[in-house]
Amino acid sequence: MAKFEQIKLNYGAGDYAPVINQETIETHHGKHHKTYTDTLNKLVEENNIECSSIEDLLSNLDRIGDESVRTAVRNNGGGFYNHNLYFETLAPKDKAKHSPEGELLSKIDEAFGSFDELKAKLKALALGQFGSGWAFLSVTPEGKLVATKSPNQDNPFSEKSGNKPIACIDVWEHAYYLDYKNLRAAYVDALFDIIDWGVVERKYEEAK
């Protein structure tokens, strides 16, 4: 059985300020994300669930016969995967690569028209997600880029789209409420300052 490990922060919890303050990072990563990870591992162990990776697990939830277990794995497995991607792609403002280059930029231009138009699309999806959820930038099976949104802790794997996420925006309130209260748009705008497109470029190379 797979043992899932919560991703470690690349920087100190206080290094993402002023975009996201230390208390938010400590609560979000140290409590919410840890709970998803611990609960997922407990579910996998107690129910003898076999899988080769989190992507395999989420893509094949129908292998789990018990509906309540399947729902719990979908929620906690999605929470584990989504948060791993989210925290992996964040860096302090003075350390982050603020725009993509090379093949990823070419694919962005092809799919969205420009990098600015991609950011506008992701923002619109993030703001248009009613309640909690995510906006994703993903690579399709054909190697193209697509921007989508998912509710709760769903993602392209659990939705069986075949797409592989390479970047995401978390719009659960615990991601931003201490810093931005109900101003989700202000959070999304600021988040673009700490998304490290160097990491997204690497994720694209892995996913294509």
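Further up the page is the structure itself.
Now for a quick tour of the structure. (Residues numbered from 1 in each chain as written. Predicted model: local features only at pLDDT ≥ 70, side-chain atom pairs only at ≥ 80, totals over all residues. Heavy atoms only, no water.)

Cis geometry marks the peptide bond from Ala17 to Pro18; its omega dihedral reads 5°. As for its placement among the helices and strands, Pro18 is situated in the segment before α1 (22–46). If you check the backbone angles, Lys160 has positive phi at about 60° while not being a glycine. With respect to the secondary-structure elements, Lys160 resides in the loop between β2 (145–151) and β3 (164–170). (Helix = DSSP H or I, 4+ residues; strand = E, 2+ residues; numbered from the N terminus.)

Turning our eyes to something else, we now look at the sheet that holds strand β1 (residues 133–139). Spatially, three strands are ordered β2-β1-β3 in an open sheet, and the strand pairing comes out antiparallel. The sheet is open, and its two borders are formed by β2 and β3, each paired with just one other strand. For this sheet, the mean inter-axis angle between neighbouring strands, taken without regard to orientation, is 25°. For β1 and β3, the ladder comprises six bridges, and the chain directions are antiparallel. The residue bridging Phe136 from the neighbouring strand is Cys168, located in β3. Across the sheet, helix α4 (residues 102–112) is in contact with β1, β2 and β3; its angle to β2 comes to roughly 75°. (Pairing = 2+ DSSP bridges. Axes fitted to C-alpha atoms, helices over the stretch in contact; angles between N-to-C directions. Contact = heavy atoms within 4.5 Å.)

Let us look at the side chain of Gln129. With respect to the helices, strands and loops of the structure, Gln129 is situated in the loop between α5 (115–128) and β1. Only 3.5 Å separates the side chain of Gln129 from the backbone oxygen of Ser132, close enough to count as a polar contact. Setting aside residues up to four positions removed in sequence, Gln129 forms contacts with Trp134, Lys149, Ser150, Pro151, Val171 and Arg184. (Polar contact = N/O pair within 3.5 Å; in protein donor to acceptor, adjacent residues only side chain to side chain.)

The next thing to look at is helix α7 (residues 184–191). Those residues of α7 that fall on the buried side of the exposure criterion are Arg184, Tyr187, Val188, Ala190 and Leu191. Within α7, the buried residues cover an arc of 165° as seen down the axis, which keeps them to one side. Tucked inside the fold, the buried residues of α7 contact α3 (67–88), α5, β3 and α6 (177–180). (Buried < 20%, exposed > 50% of the residue type's maximum accessible area, 1.4 Å probe, protein only. Arc of directions from axis to C-beta.)

Here we take up the environment of Asp154. If you trace the backbone, Asp154 turns up in the loop between β2 and β3. Taking the C-alpha atoms as reference, Asp154 lies 26 Å from Glu23; in sequence the two are 131 residues apart. Filtering out sequence-adjacent residues up to four positions away, Asp154 remains in contact with Arg74, Asn82, Trp134, Phe136 and Glu159.

Just geometry here; none of it tells us what the structure is for.
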